[in-house]
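Close look at the chain arrangement
Now for the letters of each chain:
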Amino acid sequence: MKRYRCTICGYDYDPAVGDPSHGIALGTPFEDLPGDWVCPVCGADKTLFHALAEPGLPEETPVSAAIDAQPAAISDAEKAAILSNLARGYQKQFRADEAALFTQLADYYVTRIGHEGDVDSFRAALKDDLSGGYAAAFEAARKSSDRGALRALTWGEKVSRIQDSVLGRWADKGDSSFEDTKVFVCDACGFIFLGQTPPDICPVCKVPAFKFNEVKRGA
Amino acid sequence: MRAVRNIRLCTKDCLCLYVCPTGATNTENGQIDWDKCLDACRACVDACPSGAICKVPHNYPPQQPKTDAVISAMNRLSRSKGKQRQAARAMQAQGNSPIARQLGQALEMSVIVTAEDLAREAGYMLPQSSEARAFLEKLLDEEQGAEFPADAARELLNRL
Ligand code: SF4
Ligand code: SF4
């Protein structure tokens, strides 16, 4: 029976072992796990697992896509991200005044970000990233031996998968499947965790639990 | 260089109070008094049993260079993250249930972190860099709405 690996945190589901703490008997093939079974380590759903290659078979290689040839003008949302990132840079240097000035500029662009879009446009953009954008960027970063970029891409790709899985779950099952769960976001990498308490360390970027912010449900 | 104390790590052993030649470590708010902290001293850093103090430099080396291929590939992703943030904001503004709005908010927070990380690795790591300076200058050159905080941009250019 095939083993499956979680693409978010690297946990291996081994059918020979099952997942007894969640009621999965040993000997249960991955295909027979219930649809609402999630990774016992990070909460990723079944779609975020991939089958491990049988010994001797090559791992599948990711498809690569052409690098964007025609850069468009930078959008307000991109400007906001550049500026809030520079504010974070000053926060790390304990320079609160300069950080506040960058935040002021970032906030200006945040107010200009439109509200066009919905779950479908969100998932379409994520699909674009996950089916080409990340692969192309990984290739460029590898060729340039840019390990900083590789780090950001490794985290970002996993976080994008989790975002897509949250959106997919909501599109399929609606509010009901979120009623009893709390929602946490890792402040260092953006990983979204659904559960009662955040994990001891972030499964994507390995920061401790206190770096998770809970997103409370309003009225 | 100035000393900073990480309150989360500080175990209040108070050795830093004894070793500081200027009393900079002894304050009512837990932060080290930068007006008193000496550039060349690191007595409290060495004495702290909890590794809770470090010295933060005034000046930083230039950023690591980025290749055009990396910048272009990161920008493509950044543009997509921009669309995703827009959609996440739409979920919050138009979501017709508390859970829809909560998820929209969590997704926006998540997208912001990934977008900032992409910006950082596309050449905007250090706020004092020539890249950040050029970016601010470009914003000042662009046509802007009345609300644009031009003074903040100018003030930053003065300080960078
Ligand atoms: S020596 Fe270190 S642990 Fe002790 S009070 Fe000072 S900062 Fe805190
Ligand atoms: S570095 Fe020296 S002067 Fe500055 S706070 Fe520490 S002991 Fe005091």
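Everything discussed here concerns the structure shown above.
Residues numbered from 1 in each chain as written. Chains lettered and ligands numbered in written order. Predicted model: local features only at pLDDT ≥ 70, side-chain atom pairs only at ≥ 80, totals over all residues. Heavy atoms only, no water.

**A short note on the environment of Ala44(A)**
Residues and elements named next belong to chain A. Here Ala44 is to be found in the loop between β2 (12-13) and β3 (49-51). C-alpha of Ala44 to C-alpha of Ile162: the two residues are 118 residues apart in sequence and 6.9 Å apart in space. For Ala44, the residues in contact, after removing those within four places along its chain, are Cys6, Ile8, Val38, Cys39, Phe49 and Ile162. (Helix = DSSP H or I, 4+ residues; strand = E, 2+ residues; numbered from the N terminus. Contact = heavy atoms within 4.5 Å.)

**So, the interface of chain A and chain B**
For interface size, the figure often reported is the accessible area lost on association. In this assembly, 88 residues from chain A lie in contact with 76 residues from chain B. Taken together, the connections running from chain A to chain B amount to eight salt bridges. As a salt-bridge pair, Lys66(B) and Asp146(A) come within 2.8 Å of each other at their nearest N and O atoms. Scanning the region where chain A abuts chain B turns up 26 residue pairs in polar contact (both at pLDDT 80 or more). At the level of secondary structure, the elements contributing two or more residues to the side of chain A that touches chain B comprise α1 (76-92), α2 (96-112), α3 (119-143), α4 (147-173), β4 (182-186) and β6 (212-215) of chain A. Of the residues that constitute the side of chain A that touches chain B, the class distribution is 48 nonpolar, 20 polar and 20 charged. (Salt bridge = Lys/Arg side-chain N within 4 Å of Asp/Glu carboxyl O. Polar contact = N/O pair within 3.5 Å; in protein donor to acceptor, adjacent residues only side chain to side chain. Nonpolar A, V, L, I, M, F, W, Y, C, P; charged D, E, K, R; others polar.)

**What about the packing of aromatic side chains?**
All names here are of chain A. Applying the stated criterion across every chain yields a total of 13 aromatic pairs over all chains. Ring geometry for Phe30 and Trp37: centres 6.3 Å apart, planes at 85°, overall edge-to-face. Each of the two residues, Phe30 as well as Trp37, counts as buried. Linked through ring pairs, Tyr4, Tyr11, Tyr13, Phe30, Trp37 and Phe49 together constitute an aromatic cluster. Between the NZ or CZ atom of Arg151 and the centre of the ring of Trp155, over which it lies, the distance is 4.5 Å. (Phe/Tyr/Trp six-rings, centres within 6.5 Å; stacked < 30°, edge-to-face > 60°. Buried < 20%, exposed > 50% of the residue type's maximum accessible area, 1.4 Å probe, protein only. Lys NZ or Arg CZ within 6 Å of the ring centre and 35° of its normal.)

**Concerning a nonpolar patch on the surface**
Residue and element names in this part refer to chain B. Residues Leu15, Leu17, Tyr18 and Val19 make up a contiguous nonpolar surface patch of roughly 370 Å² in combined accessible area. When you line up the elements, Leu15 lands in helix α1 (residues 15-19). Residue Leu15 is classed as partly exposed on the basis of its relative accessible area of 35%. (Patch = residues over 30% accessible without salt bridge, like charges linked within 9 Å, V, L, I, M, F, W, Y side chains within 5 Å. Areas by Shrake-Rupley, 256 points an atom, 1.4 Å probe, with all protein chains shown as cover.)

**Some remarks on the packing of α2(A) against helix α6 (residues 150-159) of chain B**
In the contact formed by α2(A) and α6(B), the axes pass within 9 Å of each other and the chain directions differ by 145°. At the point where α2(A) passes α6(B), the crossing takes the left-handed sense. In contact with Asp97(A), Glu98(A), Leu101(A), Phe102(A), Gln104(A) and Leu105(A) of α2(A), α6(B) contributes Ala152(B), Ala153(B), Glu155(B), Leu156(B) and Arg159(B). Tallied by class, the residues present in the contact of α2(A) with α6(B) amount to six nonpolar, one polar and four charged. (Axes fitted to C-alpha atoms, helices over the stretch in contact; angles between N-to-C directions. Left-handed = near helix turned anticlockwise from the far one by under 90°.)

Shape is all these values report; function is a separate question.
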